Every structure is written in structure tokens, then in C-alpha cells.
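# A closer look at the structure
If you want the building blocks of each chain, they are given just below.
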Amino acid sequence: DSELKLKNTNNITVLPRISRDKVKELEAKCDILVCLANKKGTQIPAKINYYSSTNKDILFILDGDSDKLKQYLSRYKRFIFCDNNEKDIINKIEGNYRINRKPVKELSREYVTRKIIESLT
């Protein structure tokens, strides 16, 4: 949920909150997954962990306080980073880029959960 009121465009459809099953159905049809960074803070959005477990391209749109996040995630060579502006987004989507499309073990739910449990014991 967001306080932003977004409108559809010719090639973008803005959907309300939908079920996980519907999300899976839509993701199966797409070529690239998109994550928009939070404007404040350095928390890793949970969808990054989920997206990192797929074999799809991941476009990470940087915004706000995202320098540390980009620095951290860059080590995996798994993400296509761009600034939050139309020109950079289009350039990255249309560009020839080489990224690792394999799932990132260190960002998987299982790995992260195991590390948390290990740190508590």
C-alpha cells in the first residue's frame, strides 16, 4: 500500500494489491523484475531476496539513501542499477548489460534465516 496515486500509461498498468498467486502469474509473463529503492533508510527491500532467487533480470531503481545498498548489492553482479528517472530507466532496460542471472545463495530466505539463527545461538 502507498499514499502515492499512480496512473496507468500506454505500457504500464498500475494494479491494486493483488494475491500472491496473481503476482506469480504476472511474473511468469515478464522479462524483468523491478525493485524501487526506499527513499529513506538502508533496509534491503524483501523483494530483493525473492527476486534474487529467480533467473530473471532485476532492475533496481535507486532513490533516496540507496548508496550503501547499491554498494552492498553490487558485489553479486546480479542487478541492473539505474537512477529514478525516465531516461536512465529506459537506457538500462534497452541496453546490453551482462549480469549474473543465477540465484544468489547469500540473499535466499534459507541462508539469511540460518545466519540469524546462528547469530542467536
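This write-up is about the structure you can find in this document. (Residues numbered from 1 in each chain as written. Predicted model: local features only at pLDDT ≥ 70, side-chain atom pairs only at ≥ 80, totals over all residues. Heavy atoms only, no water.)

### Points about the overall build of the protein chain
- Scanning the protein chain for helices and strands turns up five helices and three strands.
- Secondary structure elements of the protein chain occur, N-terminal to C-terminal, as α-β-α-β-α-β-α-α.
- With the principal axes as the frame, the protein chain shows a C-alpha extent of 50 × 30 × 30 Å.
- In the protein chain, of all internal contacts separated by at least 6 residues, the share reaching a separation of at least 24 is 53%.
- With the model as given, the accessible surface of the protein chain reaches about 9400 Å², and the carbon-plus-sulfur share is 50%. (Helix = DSSP H or I, 4+ residues; strand = E, 2+ residues; numbered from the N terminus. Contact = heavy atoms within 4.5 Å. Areas by Shrake-Rupley, 256 points an atom, 1.4 Å probe, with all protein chains shown as cover.)

### A look at the nonpolar core
- Judged by nonpolar contacts, the single largest core of 15 residues is most densely connected at Ile48, Phe60, Leu73, Phe79, Phe81 and Leu107.
- Elements that contribute at least two residues to this core include exactly β1 (32-36), α2 (46-51), β2 (57-62) and α3 (67-74).
- No other element matches β2, which puts three residues into this core.
- Listed in part, the six residues of the second largest apolar core include Leu59, Ile80, Cys82 and Ile99. (Core = buried A, V, L, I, M, F, W, Y, C linked by side-chain atoms within 4.5 Å. Buried < 20%, exposed > 50% of the residue type's maximum accessible area, 1.4 Å probe, protein only.)

### As for the pattern of salt bridges
- Tallied over the entire structure, the rule returns four salt bridges.
- In this structure, Glu25 and Lys22 form a salt bridge, with 3.4 Å as the shortest nitrogen-oxygen distance. Residue Glu25 and its partner Lys22 are located together in helix α1 (residues 20-29), separated by three residues, close to a single helical turn.
- A residue is classified by how much of its surface remains accessible, and Lys22, at 33% relative accessible area, is partly exposed.
- Between Lys29 and Glu25 there is a salt bridge, with its nearest N and O atoms 3.9 Å apart. With Lys29 and Glu25 both in helix α1 and four residues apart, the pair spans about one turn of that helix.
- Using a relative accessible area of 63% as the deciding quantity, one classes Lys29 as exposed.
- Residue classification places Glu25 among the partly exposed residues on the basis of a relative accessible area of 39%. (Salt bridge = Lys/Arg side-chain N within 4 Å of Asp/Glu carboxyl O.)

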